[in-house]
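Understanding the architecture of this molecule
The chain contents come next:
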Amino acid sequence: MTRELASIAPDDLAVPEPTLIAGRYRIEEELAHGGMGVVYRAHDKSTGKHVAIKRLLPERRTKPAMLELFQREYRTLAGLKHPRIIAVFDYGLDDAGPYYTMELLSGRDVRALAPLPYRDAARHLRDVASSLSLLHAHRLVHRDVSATNVRLTHDGRAKLLDFGALIPFGRAETVVGTPSSTSPEALAGEALDQRTDLYSLSCLAYFVLTGRHAYPAKSFDMLRSMWQGPPAAPSSIARDLPEPLEQLVMSLLSLDRMSRPESAAEVIDRLNSIANLDPEDEEAGPRSYLLSSAMVGRDQEVRQLMRRVSRLEDGRGSAVSIEGPLGAGKTRLLSELTIGSRLRGFPVLEVAAREHQRPYGVAAAVAQAALTTLPREGRKTLSPHLPVLGHTFPELLRPGTVLVPLDDDPVERRLRTLSAFAQWMIDLSERKPFVIAIDDGERIDGASAALLAALTHGADQHQVLVVTTQRTGKHAVRDQALSALRSHAEIVRLPLLRSEDTTELCQMLFGQAPNTGRVASWLHELSAGNPMQCMELASHLVSTKVIRYAQGTWVLPHELAPSELPAGVEQARADRIAHLTPDARTLAEMLSLQRGSLSDELCRALGDLAQLSAPGALLAELHGKGILSRGASGSFFAQEPMREALAEGLDPERRKVLHGTIGRVLVQESSPAPEREIEAGFHLIRAGDIQQGAPLLESGAEKLATVGEGLRDAIPAFEALLRIYRAQGRSWKQCAHILRSLVVAGQATDRTLIERYGELTFQVILDMTGLTLASRLRPFLGRRLSVIVGLVSGALRFVLTPKRYRFGNLSDLFVHSFGVAVLLVASYMSLMQPKRIATILMGLAPLSWLPRGEIGHFIYDMCSAFHLISVGRDREASHLLEQLKTQLDDPAQLRNVSLPIKQRMRGGVILARGVCDIHLTTPAGVPQLA
């Protein structure tokens, strides 16, 4: 831990700490204590995992300089991706001050293990030097490389800890660090650079080799006198120490920085040679540099986002949509927002939409994140709304919760859910303002988008900031609910990088290496300033050794020969795929045909079925090569274009074989979710196995259509089934149940479905129910007898129809059929299309010949009222609607209609009367509302 120049009395280190932090982290024991902060082992009640938690000492929390150091430490670690640097997670602020959580490392620190055999010591020193190399590339100095800040993990590797003293190259205002590891230039207040950390590394090396400190100072004041003479040679204490290793340690220990090795890369190279160490993963180091690059060219957009965070500090929420083409840096900018929000004390509910591809999936993830991040406040504010939300989110239920009965009407259920979810989030924000950050926002399911749109409506009156990323361009997803969510948001558009931005990016990637400008010009020209493509091309140059990572430093070529360069980013991706081992490529190709989450179980099952050796090792290779990345629910392709490149590279026959393999694996899952059945069905159909695939597609779609807003997600399956069944020669009547589902989906989610299938569905219904026959028989049999004969004919035809083509029972046929007619009329009314309504009425005319009080006559009158409204005859419509309401209120009428159906019809009547009242009370000259 760090120690300032000012002395600290031992009693000052006794820090009473609450046993529970932020309602979720239960303190179990103290792990480390220093001059600036204290680290505890804690149990995260929300996740069930153990973490390390660090916070400032009480006397440091009131000092702005200490707070700035603490925040810089978290921000820096959050941006560094290196296997030898500790990973950080959450940052928060409570009554006792700031804190952040990080991975809890097993093993012991080096101090407890010294002295070590020289080969072991060299390997651990190389690990530390590797992490320092990344810091120095970012022009940062650690300032406290000491035995207590290096921990050996269970795999025998060393990780560097405690970045609280971290500062940029240059002069430091205070002397911070462990006295026995502090360099002369640091104590003298001179400008610091990478050689300052290399001096501390030499002090660490001396200690792990000998078990003693080169300069065992207890305070900074003692150092100057100790530096008057050289320390004892390490070989005089440790036996069998190679002379080259002693020379390296003593050169690093030089009091004159100019006499020390120039870089961590040089140290790594000499350690490898001296101790004959096994080579490091050739790609792990370079990838750390690429993944840890800072963001460039986005200063204006960052300021725009942080202004929204400032609004949240003033108690005003808002919504933001970060938009740009694939690879523009939306995810990176969102990460910058989440770090900035946490540093200002706002909890962040982070969700990756691509991991939750089911109805209400993203909303459920937001709800779960609320209970994980804010467990105490989340549960308390959820309680009043759980009896409603429990229907849609059963995973939130607790024993003893009594659910409120909800109407079967999906529209009514959706409205109740919308209201309860939005109010829960608002109630939660009143206790603790927070941020909802959703990546891949174009993949938010429609139901969740509707909930979030309801929350963001009037967002400035609440204390919630909702931020999404949205992909633009030809692959962008267009959805009505997403459009509503976007309409409430401020748009932050990401332009492509300028030439100077690309140059800055290359300098951050490769430091001050010669020829960086030439490489930057080439990257900019080939990528057109797309950040992701820049990174892909840079990665390609590294993987093909055009740019070499020489043990911690970069070597860039003076010239780039055409033979060394890909023709474009597509070729770079193809080359990257070609460098995979054959089995890893086979697994990657299979996975490329499966969208969304790739669970470890699915990956292994696919590998086993394809008879690949060691699927687990292949999965690790794909992660190690950066093809896949790890998410909360499994693996995902790190970049969508890579998935597309793998899929598009398959020849048709191989694609069919792989689709069949995936389909068979999904079918073998026990109790698959409806979404999984649909996925399996599509894969088998694409493999040519329609006989097995179509029933799975139909089963999954029908189940999904009954789950909340699942009908939206079932649309592709229903449309595919329609094409398949028609190709097989089925009649439209045999496809009527699918047509009806598409029309219902059109009324609820996508009006274009009404255009495509509405009139066709209505004509099929007229034929099935016998109304078409009734109209034809009227001239011969009269009004009443013709409709009786027609309806009886429809009933007989229904009885003779095979069960798999029916709606259900006979009652269902007529209820659903006439319900579709009402949906069509209501849709046409909202679009002000009276001619289409008149066509529907003409087809329903036989129902008007039934006695009043029968459901058929009621449906005809309901549609007639809608038609009257559409042609401006509102008084007549109002009179007719009043009669219909009277029928609904009279128990003697509509006796064969169930109560839920009556309630839906009553809702439709009330809505239509409301429209009439608006029209009738609108003053002349004022535009009327449809």
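Report on the accompanying structure. Not measured: the values here are computed from a predicted model.

Observations regarding the overall build of the protein chain
Scanning the protein chain from terminus to terminus reveals 37 helices and 20 strands. For the C-alpha atoms alone, the extent of the protein chain along its principal axes is close to 125 × 60 × 50 Å. Per-residue burial over the protein chain gives 55% buried out of 930 residues. Summing over all exposed atoms, the protein chain offers an accessible surface of approximately 40400 Å²; the carbon and sulfur share of this is 52%. Each charge class in the protein chain was averaged separately, 108 positive and 105 negative side chains, and the resulting centres sit 5 Å apart.

Quick notes on the environment of Leu 93
By secondary structure assignment, the location of Leu 93 is in strand S5 (residues 88-94). Counting along the chain gives 72 residues from Leu 93 to Ile 21, while the straight-line C-alpha distance between them is 9.5 Å.

Digging into the pairing of strand S15 (residues 464-471)
The element S15 is largely enclosed, with a buried count of 8 among its 8 residues. Burial of the side chains of S15 extends over both faces: Val 464, Val 466, Thr 468 and Gln 470 are buried on one face and Leu 465, Val 467, Thr 469 and Arg 471 on the other. Sheet topology note: the strand S12 (residues 318-324)/S15 ladder contains 7 bridges and is parallel. By the bridge assignment for S15, Val 320 is matched with Val 467. Inspection of the sheet shows strand S14 (residues 434-439) paired to S15 by 5 bridges, in the parallel sense. Looking at S15, one finds that Ala 437 is bridged to Val 467.

A short note on the packing of helix H6 (residues 243-252) against helix H7 (residues 264-275)
Remark: H6 packs on H7, axes separated minimally by 10 Å, with the N-to-C direction vectors making an angle of 160 degrees. Between H6 and H7, the crossing angle belongs to the class labelled roughly antiparallel. Of the two possible hands of crossing, H6 and H7 adopt the one that is left-handed. Contacts between H6 and H7 involve Pro 244, Leu 245, Gln 247, Leu 248, Ser 251 and Leu 252 from the first element and Val 267, Arg 270, Leu 271 and Ile 274 from the second. Its residues assigned to classes, the contact of H6 with H7 comprises 7 nonpolar, 2 polar and 1 charged.

Points about empty space enclosed by the protein
Gaps left between atoms are located by rolling a probe of water-molecule size over the structure's atoms. Enumeration according to the criterion identifies 8 cavities of 30 Å³ or more in this entry. Approximately 60 Å³ is the volume found for the largest cavity. What lines the largest cavity is Ala 319, Val 320, Ser 321, Val 466, Val 467, Thr 468, Gln 470, Leu 482, Leu 485, Arg 486 and Ala 489. Among the secondary structure elements, those contributing two or more residues to the lining of the largest cavity are S12, S15 and helix H16 (480-487). Ranked by the residues each element gives to the lining of the largest cavity, the list is headed by S15, at 4 residues. A per-class count over the lining of the largest cavity returns 7 nonpolar, 3 polar and 1 charged.

Things to note about the sheet that holds strand S4 (residues 50-56)
Taken in spatial order, the 6 strands make up an open sheet running S1-S2-S3-S4-S6-S5, and their pairing is antiparallel. Among the strands making up the open sheet, the edge pair consists of strand S1 (20-21) and S5. Where strand S3 (residues 37-44) lies against S4, 7 bridges are found, and the strand directions are antiparallel. Bridging across to S4, Gly 37 finds its partner in Leu 56. On the sheet, helix H1 (residues 64-79) packs against S4, S5 and strand S6 (97-102) and is oriented at approximately 150 degrees with respect to S5.

Things to note about unusual backbone geometry
Residue Pro 115 is reached from Ala 114 by a cis peptide bond, and omega for that bond is 0 degrees. Take Pro 115: it is sitting in the loop between strand S7 (108-109) and helix H2 (118-137). Positive phi values are uncommon outside glycine, yet Ala 528 reaches one of about 60 degrees. For Ala 528, the position within the fold is in the loop between helix H18 (516-527) and helix H19 (531-543). Among the residues examined, Ala 528 registers a relative accessible area of 49% and is labelled partly exposed.

Details of the side chain of Gln 639
Its place among the elements puts Gln 639 in the loop between strand S20 (634-637) and helix H24 (640-648). Setting aside residues up to four positions removed in sequence, Gln 639 forms contacts with Met 532, Glu 536 and Arg 576.

What to know about the sheet that holds strand S10 (residues 158-160)
Spatial strand order, S7-S9-S10: 3 strands in an open sheet with antiparallel pairing. Each having just a single partner strand, S7 and S10 make up the two edges of the open sheet. Taken together, the 2 bridges between S7 and strand S9 (residues 150-152) define a ladder with antiparallel strand orientation. Of the residues in S9, the one forming a bridge with Arg 108 is Leu 152. The sheet strands contacting H2 are S9 and S10, and the helix crosses S10 at an angle near 30 degrees.

Comments concerning the nonpolar core
By size, the foremost hydrophobic cluster in this structure holds 76 residues, and its most contacted members are Val 128, Leu 201 and Leu 204. Looking at this core, the element that brings in the most residues is helix H4 (residues 194-210), giving 10 residues. If we skip the residues at most four places from it in the chain, Val 128 touches Val 145, Val 150, Ala 158, Leu 160, Leu 201 and Leu 204. Ranked by size, the runner-up nonpolar core spans 72 residues in total, among them Ile 738, Leu 739, Phe 818 and Met 829.

About the cut-offs
- Residues numbered from 1 in each chain as written.
- Predicted model: local features only at pLDDT ≥ 70, side-chain atom pairs only at ≥ 80, totals over all residues.
- Heavy atoms only, no water.
- Helix = DSSP H or I, 4+ residues; strand = E, 2+ residues; numbered from the N terminus.
- Buried < 20%, exposed > 50% of the residue type's maximum accessible area, 1.4 Å probe, protein only.
- Areas by Shrake-Rupley, 256 points an atom, 1.4 Å probe, with all protein chains shown as cover.
- Lys, Arg positive; Asp, Glu negative; His and termini not counted.
- Charge placed at Lys NZ, Arg CZ, Asp CG, Glu CD.
- Pairing = 2+ DSSP bridges.
- Axes fitted to C-alpha atoms, helices over the stretch in contact; angles between N-to-C directions.
- Parallel < 35°, antiparallel > 145°, perpendicular 65-115°, else oblique.
- Left-handed = near helix turned anticlockwise from the far one by under 90°.
- Contact = heavy atoms within 4.5 Å.
- Nonpolar A, V, L, I, M, F, W, Y, C, P; charged D, E, K, R; others polar.
- 1 Å grid on protein atoms, 1.4 Å probe; cavity = no way out; pocket = protein on both sides within 12 Å on 5 of 7 lines; lining within 4 Å.
- Points joined across faces, edges and corners; volume = space filled by probe spheres on them.
- Core = buried A, V, L, I, M, F, W, Y, C linked by side-chain atoms within 4.5 Å.

In short, the description is geometric, and any link to function would need to be established separately.
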